[in-house]
Structure formats: C-alpha cells, structure tokens
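Chain by chain, the residues run as shown.
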Amino acid sequence: MNKELTGEGAWGIGIVALALVGTIAFQLGYIDGDALIRTVAINGVMIAWYGNRMPKKFEPTAAAQRAARFGGWSMVISGLIYAMLWAFAPIMVAFAGGCSAVIAGIVATTLYRHSLQTQVSA
C-alpha cells in the first residue's frame, strides 16, 4: 500500500510542480499562454499510467480480472488520445476530443463491466 501511495503522491506533486513552473515561465515571458494551457496534456499521461496499473492489481474472480484488463486498455488508450490531442491539436479540438476520449473510455469500461455482471448472474 505504501508503494502505491508513493507513486500517486509523486504524480500529484509532479502535476502541481508542472503547473507552478509553467505559470512562472509564462510570467517571465519564456512561454506563451497556449503552451501553458497545453501543460494539461500531462493529465492524459497520468490517466494512461493508472490504466496501465489497473490489470496488475489483484482481482478475486476471473470476471473481475477481465473487467480490469479491459478497463486498463480502455484508460491507456483514452489517456494517450487525450495527451496527444492536448499536445498537438488546436485548443478547441483538444478540449472536445480529449474530454470525449476519456468519457468514452469510462463509458466503455462501465458497459463492459455491466455486461460481465449480467453474464455471471444469468
């Protein structure tokens, strides 16, 4: 458990540090507002990182393991799409497409889990 908290704490500190450094760089004129806004792409990398960890946690049943694997892939793919859009696409496309990708990943995972639940109970 302590190892998990260390990784999660590192991500949290890293995101806050990136925001602070980006704000300072913007105030000093080293980057423009567009570059500062694009630092939000790190959130997509974080989503992908957590998605990669999902299937590695212990799950008591085979159905739960399948759901964790599917959810992991879903979150990795949607997180990478989010990060790539925020890094390279126009801001409005990045916002709409990135949020849609993450929401689609969450919905796909929820629907898959629900379909496994109905198969087990049937």
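Residues numbered from 1 in each chain as written. Predicted model: local features only at pLDDT ≥ 70, side-chain atom pairs only at ≥ 80, totals over all residues. Heavy atoms only, no water.

**A look at the overall build of the protein chain**
Regarding its fold elements, the protein chain presents 5 helices and 0 strands. Along the chain direction, N to C, the helices and strands of the protein chain fall in the order α-α-α-α-α. Whereas a compact globule of 122 residues would reach a radius of gyration of roughly 14 Å, the protein chain reaches 17 Å, over 25% beyond that. Principal-axis analysis of the C-alpha atoms places the extent of the protein chain at approximately 60 × 35 × 15 Å. Here the protein chain holds 122 residues, and the buried ones make up 25% of them. Pairs at least 24 apart in sequence give 69% of the contacts found in the protein chain among residues at least 6 apart. If you sum the accessible surface of the protein chain, you get close to 7,900 Å²; carbon and sulfur atoms cover 73% of it. (Helix = DSSP H or I, 4+ residues; strand = E, 2+ residues; numbered from the N terminus. Rg over C-alpha atoms; globule rule 2.2 N^0.38 Å. Buried < 20%, exposed > 50% of the residue type's maximum accessible area, 1.4 Å probe, protein only. Contact = heavy atoms within 4.5 Å. Areas by Shrake-Rupley, 256 points an atom, 1.4 Å probe, with all protein chains shown as cover.)

**A closer look at a nonpolar patch on the surface**
A cluster of nonpolar side chains, contributed by Ile 24, Leu 28 and Tyr 30, occupies part of the molecular surface with about 390 Å² of accessible area. Tracing the chain through its elements places Ile 24 in helix H1 (residues 2-27). (Patch = residues over 30% accessible without salt bridge, like charges linked within 9 Å, V, L, I, M, F, W, Y side chains within 5 Å. Salt bridge = Lys/Arg side-chain N within 4 Å of Asp/Glu carboxyl O.)

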